[in-house]
Amino acid sequence: MAGGKIKKEKAPRGAVGSSNHYQGGIQFHKSKGQHILKNPLLVDSIVQKAGINSTDVILEIGPGTGNLTKKLLEAGKSVVAVELDPRMVLELQRRFQGTPFSNRLKVIQGDVLKCDLPYFDICVANIPYQISSPLTFKLLNHKPSFRCAIIMFQREFAMRLVAQPSDSLYCRLSVNTQLLARVSHLLKVGKNNFRPPPKVDSSVVRIEPRKPPPAVNFKEWDGLVRICFTRKNKTLGSIFRQKRVLSIMEKNYKTLQALGVSAAGDVADDVAVLGESGEMEEESEDVDDDEDMEVEMEDGEGKGSEFKEKVLGILKLGKFEEKRSAKLAQADFMHLLSLFNRAGIHFS
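Below is a short write-up of the structure.

Here is what the cut-offs are and how they apply
- Residues numbered from 1 in each chain as written.
- Predicted model: local features only at pLDDT ≥ 70, side-chain atom pairs only at ≥ 80, totals over all residues.
- Heavy atoms only, no water.
- 1 Å grid on protein atoms, 1.4 Å probe; cavity = no way out; pocket = protein on both sides within 12 Å on 5 of 7 lines; lining within 4 Å.
- Points joined across faces, edges and corners; volume = space filled by probe spheres on them.
- Helix = DSSP H or I, 4+ residues; strand = E, 2+ residues; numbered from the N terminus.
- Nonpolar A, V, L, I, M, F, W, Y, C, P; charged D, E, K, R; others polar.
- Phe/Tyr/Trp six-rings, centres within 6.5 Å; stacked < 30°, edge-to-face > 60°.
- Buried < 20%, exposed > 50% of the residue type's maximum accessible area, 1.4 Å probe, protein only.
- Axes fitted to C-alpha atoms, helices over the stretch in contact; angles between N-to-C directions.
- Parallel < 35°, antiparallel > 145°, perpendicular 65-115°, else oblique.
- Left-handed = near helix turned anticlockwise from the far one by under 90°.
- Contact = heavy atoms within 4.5 Å.
- Polar contact = N/O pair within 3.5 Å; in protein donor to acceptor, adjacent residues only side chain to side chain.
- Pairing = 2+ DSSP bridges.

## What about empty space enclosed by the protein?
All chains considered together, the criterion is met by 1 cavity of 30 Å³ or more. Within this model, the largest cavity holds a volume of roughly 30 Å³. Secondary structure elements with two or more residues in the lining of the largest cavity: strand S7 (122-126) and strand S8 (148-154). Tallied by class, the residues present in the lining of the largest cavity amount to 8 nonpolar, 1 polar and no charged.

In structure tokens, the structure reads:
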């Protein structure tokens, strides 16, 4: 608007032409990840791709003012909506009060990461992007297992979920998610489909938990994968020569030997978990300077130790020493974990 002095938030609530930060008199907060889908065709497309049955109980996370909720109620048996913002809870209750949908909608006010989720068949959600990772794994750990989840993520996060070996975005998130679920990209969604528009584009992803779940201790699996992706373009031989990696691995090994057990899962509370407390966080930048890193890690305590030779011997046995995590598939990580376990080395 000319002059640029009119503050949009001062516009009359509910008035035609008012700021797109409002709907039904409610102001949306970008800082809380409140970006409401305003494109009805997109809402219809998401519901259609979800493949909802008339008997399905649907979990919706962050329903906002209920644009998607209405379509879900029309398609399924019932909807359980988890919403943190009490203003949105009231808006949902007002919107569906006195309608045929009122008895089929249950609204839970609270933080979805902290509350216990009820039974559901399918999850359909446009979530606050800052909770993407913890929510994904909370859903994948939910029992009983659901059929599928159709979730709107920030586009880069979505592409990490579906990335394959050798893709530039392939990372620990890709490997861990795909261990537990089949993941597929459904739709790219432009920022202008939201009110208010976010700064980034989005994508809709389908997540189907594997049934039965893989026969692997996930905590231990993640301990190994976390190490491997500290520098995904480094050779595994270079990564497993690092003093800090060997130190924690050897501590776990000696603890398990002292306890006289063969499975790390039996004593998860008694051993160090690789990567916890920020010890081994995945790094986002990878440079191919193996020679410099080799000198750094060969130097100092632990050089030529018996345990170090044991670890490097395992890598050589599986022909992993010169391989890089960025190019390894699920089966490769599973094989590597089995080789370590057979030698009595565990990661949790």
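## Thoughts on the packing of aromatic side chains
This structure, assessed with the given rule, holds 10 aromatic pairs. Plain terms: the ring middles of Trp 221 and Phe 333 are 6.3 Å apart, the flat faces sit at 70 degrees to each other, and that makes the pair edge-to-face. Here the residue Trp 221 occupies a position in helix H7 (residues 218-228), and Phe 333 occupies one in helix H12 (residues 330-342), the gap between them amounting to 112 residues. Judged on exposure class, the residue Trp 221 and its partner Phe 333 are both buried. Taken together, the ring pairs connect Tyr 170, Trp 221, Phe 229 and Phe 333 into an aromatic cluster.

## Overview of the packing of helix H2 (residues 67-75) against helix H3 (residues 86-96)
Orientation of H2 relative to H3, taken along the N-to-C sense of each, is 45 degrees, at an axis distance of 11 Å. On the basis of the axis angle, H2 is oblique to H3. For the element pair H2 and H3, the recorded crossing hand is right-handed. Packed against H2, whose contacting residues are Asn 67, Thr 69, Lys 70 and Leu 73, the element H3 presents Leu 92, Arg 95 and Phe 96 at the interface. Across the contact of H2 with H3, the residue classes break down as 3 nonpolar, 2 polar and 2 charged.

## A few points about unusual backbone geometry
Trans peptide bonds make up the majority, and among non-glycine residues the majority have a negative phi. Along the chain, Lys 143 connects to Pro 144 via a cis peptide bond; the corresponding omega equals 0 degrees. Along the chain, Pro 144 falls in the loop between helix H4 (132-140) and S8. Following Lys 211, the chain continues into Pro 212 via a peptide bond in cis, with omega recorded as -5 degrees. Positioned with a positive phi, Ser 166 is a non-glycine residue whose angle comes to about 85 degrees. Mapped onto the elements of the fold, Ser 166 is located in the loop between helix H5 (155-162) and helix H6 (172-180). By relative accessible area, which is 49% here, Ser 166 ends up partly exposed. Residues other than glycine seldom take positive phi values, yet Lys 319 does so here, at roughly 60 degrees. Within the element layout of this structure, Lys 319 appears in the loop between helix H11 (306-317) and H12. Here Lys 319 falls in the exposed class, since its relative accessible area comes to 66%.

## Looking at the packing of H4 against H6
As a packed pair, H4 and H6 sit with axes 10 Å apart at the nearest point and diverge in direction by 20 degrees. In this view, H4 runs roughly parallel relative to H6, as classed from their interaxial angle. In this structure, H4 crosses over H6, and the sense of that crossing is left-handed. On H6, the residues that touch Ser 133, Thr 136, Phe 137 and Leu 140 of H4 are Leu 173, Asn 176, Thr 177 and Leu 180. For the contact of H4 with H6, a count of residues per class yields 4 nonpolar, 4 polar and no charged.

## Side note on the side chain of Asn 193
Note on placement: Asn 193 falls in the loop between strand S9 (181-189) and strand S10 (194-195). Only 3.1 Å separates the side chain of Asn 193 from the backbone oxygen of Gly 190, close enough to count as a polar contact. With residues up to four places along the chain from it excluded, the contact list for Asn 193 reads Ile 36, Leu 37, Lys 38, Asn 39 and Leu 42.

## Regarding the sheet that holds S8
Adjacent strands of a sheet form backbone hydrogen bonds with each other and so pair up, either parallel or antiparallel. Taken together, the 7 strands give an open sheet; going across it, the order is S6-S5-S4-S7-S8-S11-S9, and neighbouring strands pair in mixed fashion. Each having just a single partner strand, strand S6 (105-109) and S9 make up the two edges of the open sheet. Shown here is a sheet whose adjacent strand axes are inclined to one another by a mean of 20 degrees, direction ignored. Across 5 bridges, the pairing between S7 and S8 is parallel. Considered in S8, the bridge of Val 124 is made with Ile 150.

Taken by themselves, the reported measurements are silent on function.
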